[in-house]
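Here's the letter readout for the chains.
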Amino acid sequence: MVRELTHFIGGEHTPGTSGALADVYDPNTGEVQARVPLASRAETEAAVADAAAAQHEWGEWNPQRRARVLLRFLQLVDGERDSLARLLSSEHGKTVADAHGDLQRGLEVVEFAAGIPHLLKGEFTDNAGTGIDVHSLRRPVGVTAGITPFNFPAMIPLWKAAPAIACGNAFILKPSERDPSVPLRLAELFLEAGLPPGILNVVNGGKEAVDTLLEDPRVQALGFVGSTPVAAHIYATAAAHGKRAQCFGGAKNHMIVMPDADLDQAVDALIGAGYGSAGERCMAISVAVPVGEATGDALVARLKERVGALRIGRSDDPEADFGPLVGREAVDRVRSYVDLGVEEGAELVVDGRGFSLPGHEGGFFAGASLFDRVTPDMRIHQEEIFGPVLSVVRAADYEEALRLPSEHPYGNGVALFTRDGDTARDFTRRVDTGMIGVNVPIPVPVAYHTFGGWKRSGFGDLNQHGPDSIRFYTRTKTVTSRWPSGAKEGASFTIPTMR
Ligand code: NAD
């Protein structure tokens, strides 16, 4: 029996009425395990109206009281981590251990947002002019929305929802239609934690729901994470409708391996960051850049052995290094990129195309592939593959290696493996990307640091996490006040200056 999922609006599970449904698969078997309703314009507008009605009162709660809801939510999630991780894994296909990490990184953002009484403190200047004080308030923006991708169905909704609601906004989450069950459960837990109904509404859907959120004047701010073409569309459309938007897109992350790097450490890092979660991470390393032919030969020899030995299994197999991809179309895309790399003349060192898991022939499994001698102009280097494929682009020297991520259209993350502090310092200052790891392969910062990609990986000026998330979800109101005895002395026709 296939479950039919709902929306979550006004604190209640709300069945879909549009008649449009999308299949939610079990990626281990390829079978449909649930159907998710796709909201129509009218259903989405009803969720916005509900959020707008609830927001004002929530925005008037004192910040400490709002923080207590977040703290209670953390406790509730803590009590069911394992079932949430299993649910996440069963729809996404990442291993249960990795699903725990997905949840944990999201909870860390909630922990950060629970500091909202401190984070919301504005600015104050005493006696900016004689008898004049200036202070600023951070006010909620109102109704906000988040549109999130399939690949982190717990972490990314919480990147957006936690700061948005902590700041006193209502938040409408439009999660990925491919793995919506964890976002729905998180919304239930927020309600149980004391969040008023309507402050976190989950609207399932696709383009129609998103376009409605983009066009509805009651939605003031939109956060998006997903692929670059959709990020660019959402950024432009939100701006055209006068909304603030932060939109994060795809990536092609390089890892530069200097001749002095600890090669064992670099290979471990590449294996985990390249193939973990089957490469379906925006911060996955998809390009290894050894510097010098000798480094390249040694690196490829070790990678070949390790990639060939990776264990691919069911997502609930505790021995599996990675599980299936999210869908059949993802398997087909990965396969066609491997075909393309061969056509483009790259050297296919490990070929994952023939992989199939015995007993799970219908599952969305893709084997691990490794390319050597990829050149910068090849499409397998220019485009995001989003699967278990690592390309080695050899660089003759450090300057050539530095140019590869700097000149790439994406600018999400990059890593450098070296033992030399001077090289690391030069690299971090000059490379043209938003996140940099020095001997750290996946440099997604802790929740209290702001981060985001550059170039085609990020649109908008404020980033996610940390202080920027509080700026994004609040508007500044600045008050200049004077209580002088001479206030009744008459009008002044010159612009006030602070003498
Ligand atoms: P996607 O762009 O297909 O979907 C993201 C969201 O947008 C989903 O909620 C989807 O329903 C919606 N959507 C899809 N097409 C739309 C359209 N035409 N109009 C309006 N809405 C639409 O992305 P995905 O496949 O779910 O996620 C993978 C992508 O996300 C990868 O490119 C990955 O690099 C990127 N990603 C980026 C970051 C980051 O921080 N930069 C983090 C995670 C994932």
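Here the residue numbering is sequential within each chain, running from 1 through the sequence in written order. In keeping with the model being predicted, local features are shown solely for residues with a pLDDT of at least 70 and side-chain atom pairs are shown and tallied solely at 80 or more, while totals for entire chains, interfaces and linings include all residues.

The name given to the protein chain in an unreviewed UniProt entry is methylmalonate-semialdehyde dehydrogenase (CoA acylating), and the organism recorded there is Streptomyces typhae.

Here the focus is the overall build of the protein chain. We count a stretch as a helix when DSSP gives it H or I for four or more residues in a row; a strand needs E for two or more, and each element gets its number in order from the N terminus. Helix and strand content of the protein chain: 16 helices and 23 strands. The quantity called the radius of gyration is restricted to C-alpha atoms. Its globule counterpart is 2.2 Å times the number of residues to the power 0.38. A compact globule built from 499 residues would reach a C-alpha radius of gyration of about 23 Å, and the protein chain, at 25 Å, matches this within 12%. Overall, the C-alpha framework of the protein chain stretches about 85 × 60 × 40 Å when taken along its three principal axes. In this scheme the burial state of a residue depends on its C-beta neighbours within 10 Å: 20 or more other such atoms mean buried, 12 or fewer mean exposed, and anything in between means partly exposed; the C-beta positions come from the backbone. Per-residue burial for the protein chain yields a buried fraction of 52% across its 499 residues. Any pair of residues counts as being in contact when their C-beta atoms, constructed from backbone geometry, are within 7 Å of one another. Nonlocal contacts in the protein chain, meaning residues at least 24 apart in sequence, comprise 70% of its contacts between residues at least 6 apart.

What follows deals with the sheet that holds strand β23 (residues 474-482). As summarised here, the arrangement of the three strands in space is β6-β7-β23, forming an open sheet in which the pairing is antiparallel. With one partner strand each, in any of the chains shown, β6 (124-129) and β23 form the two edges of the open sheet. Mean inter-strand twist for the sheet, computed between neighbouring axes without regard to direction, equals 25 degrees. The criterion for strand pairing is that DSSP finds at least two bridges linking the strands in question. Note that β6 and strand β7 (residues 132-140) share three bridges and pair antiparallel. Looking at the pairing, T125 lines up with V134 of β7. The axes used here are C-alpha line fits, helices contributing only the stretch in contact, and every angle between their N-to-C directions lies in the interval 0 to 180 degrees.

Attention now goes to the pairing of strand β13 (residues 253-257). For β13, a buried count of five out of five residues is recorded, marking the element as mostly surrounded by other parts of the structure. Neither face of β13 is left uncovered, since the one carrying N253, M255 and V257 and the one carrying H254 and I256 both have all their residues buried. For β13 and strand β14 (residues 285-290), the ladder comprises five bridges, and the chain directions are parallel. Opposite I256, over in β14, you have V289 as the bridge partner. The β-α-β motif built from β13, the intervening helix α10 (residues 263-275) and the parallel element β14 has right-handed crossover chirality. In the sheet, β13 pairs with strand β19 (residues 413-417) via four bridges, with the strands oriented parallel. Across the sheet, H254 pairs through a bridge with V414, a residue of β19. By definition, the crossover connecting two strands over a helix is right-handed if that path, from the first strand to the second, turns clockwise as seen with the strands pointing away from the viewer.

Not every positive phi belongs to a glycine, and N127 is a case in point at roughly 60 degrees. Note on placement: N127 falls in strand β6. A tally of 10 C-beta atoms within 10 Å means that N127 is categorised as exposed.

The subject of this paragraph is the packing of helix α1 (residues 41-60) against helix α8 (residues 207-215). Contact geometry of α1 with α8 gives a least axis separation of 9 Å together with a crossing angle of 45 degrees. Between α1 and α8, the crossing angle belongs to the class labelled oblique. In terms of crossing hand, the pair formed by α1 and α8 is right-handed. Counted together, R41, T44 and E45 of α1 and E208, A209, T212 and L213 of α8 form the full contact between these two elements. Of the residues contributing to the contact of α1 with α8, the split by class is two nonpolar, two polar and three charged. Roughly parallel means an angle under 35 degrees; roughly antiparallel means over 145; roughly perpendicular covers 65 to 115; every other angle is labelled oblique. Note on convention: near helix rotated counterclockwise from far helix by under a right angle means a left-handed crossing. Clockwise means right-handed. All amino acids are sorted into three groups, where Ala, Val, Leu, Ile, Met, Phe, Trp, Tyr, Cys and Pro are nonpolar, Asp, Glu, Lys and Arg are charged, and the leftover types, Gly among them, are polar.

Once that is clear, we can look at the site of the ligand. Lining the immediate surroundings of the ligand are 26 residues, of which P149, G226, S227, G250 and C282 lie closest. Viewed by domain, the shell around the ligand spans two of them, domain 1 (3-249 + 457-479) and domain 2 (253-438), each represented by three or more residues. Nearness here has a simple definition: the residue's C-beta atom, placed using the backbone, must lie within 6 Å of the molecule or strand. Domain ranges listed in this record stem from an automatic or a database domain assignment.

On to the domain arrangement of the protein chain. Quoted interface sizes are often the accessible area lost when the parts come together. We note that the domain assignment places domain 1 (3-249 + 457-479) and domain 2 (253-438) within the protein chain. Averaged C-alpha coordinates put domain 1 and domain 2 at centres separated by 31 Å. At the interface, 20 residues of domain 1 touch 24 residues of domain 2. Within the residue set of the side of domain 1 that touches domain 2, elements represented by two or more residues are α3 (81-92) and α4 (96-113). With four residues, the single largest contributor to the side of domain 1 that touches domain 2 is α3. Partitioned by chemical class, the residues of the side of domain 1 that touches domain 2 number four nonpolar, 11 polar and five charged.

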